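# Results of the structural survey
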Amino acid sequence: MRRIAFLLERAREPTYRVRAFRTAAKTVDSIGIAELADRVEAGTLTELPGIGKVTATVITEALAGEVPVYLRRLEATGGRPVAEGGAEIRAALRGDLHMHSDWSDGGSPIPEMVQAAAELGHEYIALTDHSPRLTVANGLSPERLRQQLDIVAELNEKDPGIRILTGIEVDINEDGSLDQSDELLGRLDVVVASVHSKLRMASDEMTERMVTAIANPHVDVLGHCTGRLITGGRGTRPESTFDPEIVFAACERFGVAVEINSRPERLDPPKRLLRLAVEAGCSFALDTDAHAPGQLDWQPYGCERAAACGVPVQKIVNTWPVDDLLAWTRRGS
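Everything quoted here is computed from the prediction, not taken from an experiment. (Residues numbered from 1 in each chain as written. Predicted model: local features only at pLDDT ≥ 70, side-chain atom pairs only at ≥ 80, totals over all residues. Heavy atoms only, no water.)

## As for the overall build of the protein
What counts here: Runs of E in the DSSP output that reach at least two residues are strands. Runs of H or I that reach at least four are helices, and both are numbered from the N terminus. Each radius of gyration reported is based on C-alpha atoms, and the globular scaling rule is 2.2 Å times the count of residues to the power 0.38. Relative accessibility under 20% of the residue-type maximum defines a buried residue, over 50% an exposed one, and the middle range a partly exposed one, all with a 1.4 Å probe and only protein chains included. Here, two residues are considered to be in contact whenever any of their heavy atoms come within 4.5 Å of each other. Using a 1.4 Å probe, accessible areas were evaluated by the Shrake-Rupley method; residue-level cover was limited to the displayed protein chains.
In terms of regular secondary structure, the protein is built from 14 helices and 7 strands. Taken against the 2.2 N^0.38 rule, which gives 20 Å for 333 residues, the C-alpha radius of gyration of the protein at 21 Å falls within 12% of a compact globule. Projected onto its principal axes, the C-alpha coordinates of the protein cover approximately 70 × 40 × 35 Å. By residue count, 52% of the 333 residues in the protein fall in the buried class. For the protein, long-range pairs separated by at least 24 residues make up 74% of all intrachain contacts whose partners lie at least 6 apart in sequence. Here the protein has roughly 14,300 Å² of accessible surface; of this, 51% comes from carbon and sulfur atoms.

## Thoughts on the pattern of salt bridges
Heads up, the condition is: Every case where a carboxyl oxygen of Asp or Glu lies within 4 Å of a side-chain nitrogen of Lys or Arg is listed as a salt bridge.
Using the criterion set out here, one finds 19 salt bridges in the structure. With its nearest N and O atoms 2.7 Å apart, the salt bridge here joins Arg2 to Asp29. Taken together, the residues span a long stretch of sequence, with Arg2 in helix α1 (residues 2–10) and Asp29 in helix α2 (residues 15–29) at a distance of 27 residues. A salt bridge links Arg330 to Asp189; the nearest nitrogen and oxygen atoms lie 3.4 Å apart.

## A few points about the pairing of strand β2 (residues 124–127)
For clarity, the threshold we go by: Here, strands pair whenever DSSP counts at least two bridges between them. Handedness of a crossover is defined as follows: orient the strands so they point away from the viewer, and if the path from the first strand over the helix to the second runs clockwise, the crossover is right-handed.
Along β2, one buried face is formed by Tyr124 and Ala126 and the opposite face, lined by Ile125 and Leu127, is buried too. Where strand β1 (residues 95–96) meets β2, 2 bridges bridge the pair, whose relative direction is parallel. Bridge pairing in β2 links Gly95 to Tyr124. Handedness of the crossover joining β1 and β2 through helix α7 (residues 110–119): right-handed. Across 4 bridges, β2 lies against strand β3 (residues 163–171) in parallel orientation. Its bridge partner being in β3, Leu127 is matched across the sheet by Thr166.

## Details of the domain arrangement of the protein
Filter applied, for reference: An automatic or database domain assignment supplies the start and end points of every domain. As used here, buried area is the combined drop in accessible area, with a 1.4 Å probe, of two parts when they are placed together.
Parsing the protein into structural domains produces domain 1 (1–77) and domain 2 (86–330). Centre-to-centre, using C-alpha coordinates, domain 1 lies 33 Å away from domain 2. With 6 residues of domain 1 in contact, the opposing surface of domain 2 contributes 14 residues. Between domain 1 and domain 2, the buried area comes to about 850 Å², and carbon and sulfur atoms account for 53% of it.

## Let's talk about the sheet that holds strand β4 (residues 190–194)
Taken in spatial order, the 7 strands line up as β1-β2-β3-β4-β5-β6-β7 in an open sheet, and their pairing is parallel. Taken across any chain shown, the strands that pair with only one partner, and hence form the sheet edges, are β1 and β7 (284–287).

## Considering the UniProt feature "domain: Polymerase/histidinol phosphatase N-terminal" (unreviewed entry) in the protein
The following threshold applies: UniProt positions are given in the numbering used here, feature names are shortened, and annotations may be inferred rather than shown by experiment.
Sequence positions flagged by UniProt for "domain: Polymerase/histidinol phosphatase N-terminal" (unreviewed entry) are, in local numbering, residues 95–174. Counting secondary structure, residues 95–174 comes out at 32% helix and 19% strand; the distance between its end C-alpha atoms is 31 Å.

## A closer look at helix α8 (residues 142–157)
So the rule is basically this: Helix span is expected to be 1.5 Å times the residue number reduced by one. By construction, the arc corresponds to the directions joining the helix axis to the C-beta atoms.
The end-to-end C-alpha separation of α8 is 23 Å, in line with the 22 Å expected for 16 residues at 1.5 Å each. Within α8, the full set of buried residues consists of Leu145, Gln148, Leu149, Val152 and Leu155. Looking down the long axis of α8, one finds its buried residues gathered within 125° of arc, a one-sided arrangement. The secondary structure elements touched by the buried residues of α8 are α7, β2, β3 and α9 (182–185). Two residues or fewer after α8 comes Asp159, characterised by a positive phi angle close to 55°.

## Remarks on unusual backbone geometry
Between Asp268 and the following residue, Pro269, the backbone shows a cis peptide bond with an omega angle of 5°. Among the structural elements, Pro269 can be located in the loop between β6 (257–261) and α12 (271–279). In this model, Asn138 sits at a positive phi of 55°, which is unusual for a non-glycine residue. Here Asn138 is to be found in the loop between β2 and α8. Phi is positive for Asp289, which is not a glycine, with a value near 55°. Along the polypeptide, Asp289 turns up in the loop between β7 and α13 (299–308). Note on Asp289: relative accessible area 3%, which makes it buried.

## Quick word on the packing of aromatic side chains
Threshold: Pairing of aromatic side chains here covers Phe, Tyr and the six-membered ring of Trp, requires ring centres within 6.5 Å, and sorts the geometry by plane angle: under 30 degrees stacked, over 60 edge-to-face, intermediate tilted.
Tallied over the full model, the rule gives 2 aromatic pairs. A ring pair is formed by Phe21 and Tyr70, whose centres lie 5.0 Å apart and whose planes are at 50°; its orientation type is tilted. Of this pair, Phe21 sits in helix α2 while Tyr70 sits in helix α5 (residues 69–78), and the two are 49 residues apart along the sequence. The two residues Phe21 and Tyr70 agree in class, both being buried. Between Trp320 and Trp328, the aromatic rings sit 5.9 Å apart at their centres with planes inclined by 85°, giving edge-to-face as the arrangement. Of the residues examined, Trp328 reaches a relative accessible area of 13% and is grouped as buried.

Listed below in structure tokens is the structure:
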């Protein structure tokens, strides 16, 4: 069930379809194999909450020792890499520094996101839910962020097979300040700073806003720098305007990585700006900005763009071993 949901998410299928399989998976988890088998024999699987005709068929085939037809079809059509090219970069990646859980606007619990990342072969994953100002995304108040830090510590103690890094996607306010306290930002492993408001500011004002944030010693990654949307359910949105030479020079000077955002509706920065960032000597973080487990497998989209724009593998910070990565993020401490 979860593998089917994962593949549906990666293929950007409708949310209701994904939710049906995740709901069914939770129902199956709560019921023993013996009862499921009895219900298959009696034809009463669909009487269980969250089990419909399609999911009942999947359960029946799985209990019979078969690979469900639905899963076989998805594996055949959607189980291959989501983008060609960038194979060397994809093979070098050790983790993902931007993803969201159901603590903010993601759709799945932290353990489910962590498990999916581990199954993809990641050595580490940064949990970067939104900051308080982004109320539409259920941004984390300081109190909720502190609670999340405790949860992450507990999960790491259980050794989930992957290192969970603490983090945040913090809003860059209009004046360039950050939407979270210095004390809390200083406790985090990874801080991704992004603009989510007043995206149509004048170019000189946006440039100053971004550079002010980049100069903040807590910032590690500049997230989806233009804020553009090129496709998807939210419609399209033009790029924010700023002076890229000044912004990328600031990133290089202050050691802030430019994010290569792999979400299909973002693919940010555009290639012309990605090439400018390479020329400026910037470092990069190649991330998914995932809001669901299947979206964690979107990194090949970014790998393809990085390869096309000549991004050096060694300049991508999430190809580094975790100790080297953390030494870099703690450079301003």
